[in-house]
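Topology and contacts: notes
The residues making up each chain are set out below.
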Amino acid sequence: MAPTLPRTIRAVDTEQLLDLAREAGAYGFSQRLPVDWLRDHLAPGATHYLFPALVHHLSHRPEASPHWRCELLLTAPSGEQFLSLLDVLPATFSKLPETLDATFKTDIASRMERAPAQREWAEEAGRLPKSTLKKCHEPETPDGDMS
């Protein structure tokens, strides 16, 4: 039986978040940002917040199923906060200490509702991960010879 999705928010520092992103990469989870991008765009001493939003099943990959798709409130060096997603194994999430009281969790949940999505935040200042940048100025090449 799959672990029950917890209705809680966990706090992690930047280094812990980078470890979570590395683990997500090692499992090939689809909801994660590149570790290098996170390192470049997050405040080194900041606290970030994870909220398990849904259970994700991969029938073709039992070693990584189920896992939890978490909403992630990230903090940039400027203090701006933005929302992303991160897939996390239930056992990994369960190891994160419960450090927030109910009042603070309510505040974090409210901030998550108001925060811009990572893509929106990144587009404002050209901070998109390289893998998502489109090559806008390259001319299209025709499939066949037009002569």
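Our structure's up above, just so we're on the same page.
Quick summary incoming for the structure in this document. This one's a predicted model, so the numbers in the text were calculated from it and none came from an experiment. (Residues numbered from 1 in each chain as written. Predicted model: local features only at pLDDT ≥ 70, side-chain atom pairs only at ≥ 80, totals over all residues. Heavy atoms only, no water.)

**Comments concerning the sheet that holds strand 2 (residues 47-56)**
Note the threshold: We treat two strands as partners when DSSP finds at least two bridges between them. Going along the chain from the N terminus, every DSSP run of H or I of four or more residues is numbered as a helix, and every run of E of two or more is numbered as a strand. As a rule, the C-alpha atoms of each element are fitted with a line to give its axis, helices using only the stretch in contact, and angles between N-to-C directions run from 0 to 180 degrees.
Strands sit in the order 1-2-3-4 across an open sheet of four strands; the sheet is antiparallel. Each of the sheet's edge strands pairs with one partner strand only, and the pair in question is strand 1 (10-13) and strand 4 (81-88). When the angles between neighbouring strand axes are averaged without regard to direction, this sheet yields 35°. Strand direction decides the pairing type here: strand 1 and strand 2, joined by four bridges, are antiparallel. If you follow Arg10 over to strand 2, its bridge partner there is Leu50.

**Quick notes on the packing of aromatic side chains**
Each aromatic ring pair is summarised here by two numbers: the centre-to-centre distance and the angle between the ring planes. So the rule is basically this: In summary, the pairing rule links any two rings of Phe, Tyr or Trp, Trp by its six-membered ring, whose centres are within 6.5 Å, and it sorts them by plane angle into stacked for under 30 degrees, edge-to-face for over 60 and tilted for everything else. Relative accessibility thresholds used throughout: buried, under 20% of the residue-type maximum; exposed, over 50%; partly exposed, between the two (1.4 Å probe, protein chains only).
Using the criterion set out here, one finds six aromatic pairs in the structure. Ring geometry for Trp68 and Phe93: centres 5.7 Å apart, planes at 75°, overall edge-to-face. A residue pair is termed long-range when its members are at least 10 positions apart, and Trp68 in strand 3 (residues 67-75) and Phe93 in helix 3 (residues 90-95) qualify at 25 residues. For the pair Trp68 and Phe93, one class covers both residues: buried. Site record: aromatic cluster; members linked through ring pairs are Trp37, Phe82 and Trp121.

**Remarks on helix 4 (residues 102-114)**
Because each turn of an α-helix spans 3.6 residues, side chains separated by three or four positions in sequence point in the same direction. Let me state the cut-off plainly: An expected span of 1.5 Å times one less than the residue number is assigned to each helix. This arc is built from the directions going out from the helix axis to the C-beta atoms. Any two residues whose heavy atoms approach within 4.5 Å are treated as being in contact.
The end-to-end C-alpha distance of helix 4 is 19 Å, a good match for the 18 Å that 13 residues give at a rise of 1.5 Å each. Within the sequence span of helix 4, burial applies to Lys105, Ile108 and Met112. End-on, the buried residues of helix 4 take up no more than an arc of 60°, which puts them together on one face. Facing away from the buried side of helix 4 by more than 90 degrees, the exposed set consists of Thr103, Thr106, Glu113 and Arg114. In this fold, the buried residues of helix 4 make contact with strand 2, strand 3 and strand 4.

**Observations concerning the nonpolar core**
Most often, soluble globular proteins keep nonpolar side chains buried together rather than apart. The line we're drawing: Among buried residues, those of type Ala, Val, Leu, Ile, Met, Phe, Trp, Tyr and Cys that are joined through side-chain atoms within 4.5 Å constitute a nonpolar core.
Membership of the largest hydrophobic core comes to 27 residues, with the highest contact counts inside it found for Leu38, Leu50, Leu74 and Leu86. Residues in contact with Leu38, not counting those within four places in the same chain, are Leu18, Ala21, Leu33 and Leu74. One finds Tyr49, Leu100, Ile108 and Met112 within the second-largest nonpolar core, a separate group that totals ten residues.

In short, geometric facts, not functional conclusions.
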